[in-house]
Amino acid sequence: MSVLPSARTALLGLRGVRLLEGLDTPALESLAGSLDWRRFQAGQQVITRNAPDRDVYLVIAGKVQVVAFSVSGKQITYREMGAGDHFGELAAIDGRARSADVIALDDSLLAILSQATFRDLLSRHEALRERMLRGLVAFVREMTDRVFELSTLGVRNRVHAELLRLARRAGEAGNVARINPAPRHGDIASRVSTYREQVTRELSMLVAQGVIAREGPCVVVLDVVRLENLVADVRHAG
């Protein structure tokens, strides 16, 4: 659903987008007027795989999930993105069709850049261009790690590796990481190519070992170093 936020709301929303860090107020105000602002309800399709559009999406509020579906309907989850993130840049850069589906996990507000506007930003702002390059490199590295894990690690170790990835994204404080909200077991299963029941078993074992605990809506990694060692030991052994 299209929506036109107030100038203040639009400016505040764009200031929260990491890709746009460093752009001054006049540049953000000018950009806000050229964007298509849309609201998506939880569960609504945002992007369809193989679609021909080339727009880039900025997540102003809410959360989306990048997924693919097998012929049998099995969901494979690539990543989730919340407020401050962006997606869709691959098609805007190479001009090819979309490589994945994107679905709104929560009610979300997205600001949409046309391919032309996106490319203009890259050409005029060196810091933004550098940030985009670093983001693409980080994405390639993460996908490389995932391929390695799927090819060489057992289910238990893939669950450990995914939990460690989530803990690092959440941030550590004194060897403890608080993942909020707790990831759904089905979502972890779709990322590591297994079943929800297997994820539940492995997480229960980590609870029994004192590595993680459930606190309200969060999963707390009580010993990040121990989790890192569990993952590192298996990778080195492989």
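In what follows, the structure referred to is the one given above.
Okay, so let's go over this structure. For clarity, every value in this text was computed on a predicted model and none was experimentally measured.

For the rest of this paragraph, the subject is the overall build of the chain. Of the regular secondary structure elements, the chain holds nine helices and 12 strands. Since a compact globule built from 238 residues should have a radius of gyration of about 18 Å, the 19 Å found for the chain is in line with a globular shape. For the chain, the spread of C-alpha atoms along the principal axes amounts to about 55 × 40 × 35 Å. Taking all 238 residues of the chain together, 41% fall into the buried category. Long-range contacts, defined here as pairs at least 24 residues apart, represent 71% of the contacts in the chain between residues at least 6 apart. When the accessible surface of the chain is split by element, carbon and sulfur atoms take 52% of a total near 12,500 Å². Each charge class in the chain can be summarised by its mean position, and for the 32 positive and 28 negative side chains these summaries are 2 Å apart.

Further remarks concern the pattern of salt bridges. This structure, assessed with the given rule, holds 17 salt bridges. The salt bridge partner of Arg169 is Glu142, with a shortest N-O separation of 2.6 Å. In this pair, Arg169 sits in helix H6 (residues 155-170) while Glu142 sits in helix H5 (residues 126-152), placing the two residues 27 residues apart along the sequence. Since its relative accessible area comes to 44%, Arg169 is described here as partly exposed. Via salt bridges that share partners, Glu80, Glu142, Arg146, Glu149, Glu162, Arg165, Arg169 and Arg191 belong to a single interconnected network.

This brings us to the pairing of strand E8 (residues 108-113). On any regular strand, side chains alternate: one points to one face of the sheet, the next to the other face. In terms of burial, E8 is a largely internal element, six of the six residues being buried. Residue alternation in E8 divides its side chains into two sets, Ser108, Leu110 and Ile112 and Leu109, Ala111 and Leu113, and both sets are buried. Pairing geometry for strand E1 (residues 36-40) and E8, over five bridges, is antiparallel. Counted as the bridge partner of Arg39 is Leu109 from E8. By the bridge criterion, five bridges tie strand E3 (residues 56-61) to E8 in an arrangement that is antiparallel. By the bridge assignment for E8, Val59 is matched with Leu110.

Right, let's talk about the sheet that holds E8 for a bit. Judged by pairing direction, the sheet is antiparallel, and its four strands sit side by side in the order E1-E8-E3-E6 without closing on themselves. In this open sheet, the two strands that pair with only one neighbour each are E1 and strand E6 (86-87).

Before going further, it helps to examine the packing of helix H4 (residues 115-124) against H5. The contact between H4 and H5 brings their axes to 5 Å, and the two run at 110°. Between H4 and H5, the crossing angle belongs to the class labelled roughly perpendicular. Together, Phe118, Leu121, Leu122, Ser123 and Arg124 of H4 and Glu126, Leu128, Arg129 and Met132 of H5 make up the contact between the two elements. Within the contact of H4 with H5, the residues separate by chemical class into five nonpolar, one polar and three charged.

Ordered by their spatial adjacency, four strands build an open sheet running E2-E7-E4-E5, and the pairing between neighbours is antiparallel. Because the sheet does not close on itself, it has two edges, and the strands there are strand E2 (45-47) and strand E5 (75-82). Strand-to-strand, the axes of this sheet are offset by a mean angle of 30°, without reference to chain direction. Sheet analysis places strand E4 (residues 63-69) next to E5, joined by seven bridges and oriented antiparallel. Considered in E5, the bridge of Phe69 is made with Gln75. Here helix H7 (residues 185-192) sits on the sheet and contacts E4 and E5; the angle it forms with E5, its principal contact strand, is near 115°.

Turning our attention to the side chain of Glu162. With respect to the secondary-structure elements, Glu162 resides in helix H6. Judged by relative accessible area, Glu162 falls into the buried class, the value being 1%. A polar atom in the side chain of Glu162 sits 2.5 Å from the side chain of Arg165. Those residues within four positions of Glu162 in sequence are excluded, and the remaining contacts are Arg146, Ile188, Arg191 and Val192.

Buried residues dominate E4, accounting for five of its seven residues. Counting the residues between successive antiparallel strands, the hairpin from E4 to E5 contains five residues, one of them, Gly73, with a positive phi of roughly 100°. In this structure, E4 lies alongside strand E7 (residues 101-104), joined through four bridges in antiparallel fashion. Pairing of Val66 across the sheet is with Val102, part of E7.

Here is what the cut-offs are and how they apply
Every chain is numbered on its own, with residues counted from 1 as its sequence reads. Local features are withheld for residues below a pLDDT of 70 in this predicted model, meaning they are given only at 70 or higher, and side-chain atom pairs are given and counted only at 80 or more; totals for whole chains, interfaces and linings count all residues. Side-chain figures throughout are based on the complete set of non-hydrogen atoms in the structure, without hydrogens or water. Numbering of helices and strands runs from the N terminus, with a helix taken as a DSSP run of H or I at least four residues long and a strand as a DSSP run of E at least two residues long. Restricting the calculation to C-alpha atoms gives the radius of gyration, and the globule rule supplies 2.2 Å times the number of residues raised to the power 0.38. For every residue, the accessible area (1.4 Å probe, protein chains only) is compared with the maximum for its type, and the residue is labelled buried under 20%, exposed over 50%, or partly exposed between those bounds. Whether two residues touch is decided by their heavy atoms; if any such pair falls within 4.5 Å, the residues are in contact. Under the convention used here, a 1.4 Å probe and the Shrake-Rupley method define accessible areas, while residue burial counts only the protein chains that appear. Just so you know, the count uses Lys and Arg for positive and Asp and Glu for negative, and it drops His and the chain ends. To locate a charge, take NZ of a lysine, CZ of an arginine, CG of an aspartate or CD of a glutamate. Salt bridges are defined by distance alone: a side-chain nitrogen of Lys or Arg within 4 Å of a carboxyl oxygen of Asp or Glu. Paired strands, in this sense, are two strands between which DSSP finds at least two bridges. Lines fitted to C-alpha atoms define the axes here, with helix axes fitted over just the stretch in contact, and angles between the N-to-C directions of these axes take values from 0 to 180 degrees. In these notes the angle categories are as follows: under 35 degrees is roughly parallel, over 145 is roughly antiparallel, 65 to 115 is roughly perpendicular, and the rest is oblique. Polar here means any residue outside two lists: the nonpolar Ala, Val, Leu, Ile, Met, Phe, Trp, Tyr, Cys and Pro, and the charged Asp, Glu, Lys and Arg; Gly therefore counts as polar. Two N or O atoms count as a polar contact when they lie within 3.5 Å, although within protein this holds only if one can serve as hydrogen donor and the other as acceptor, and sequence-adjacent residues are included solely when both atoms are side-chain atoms.

Geometry only, nothing functional implied.
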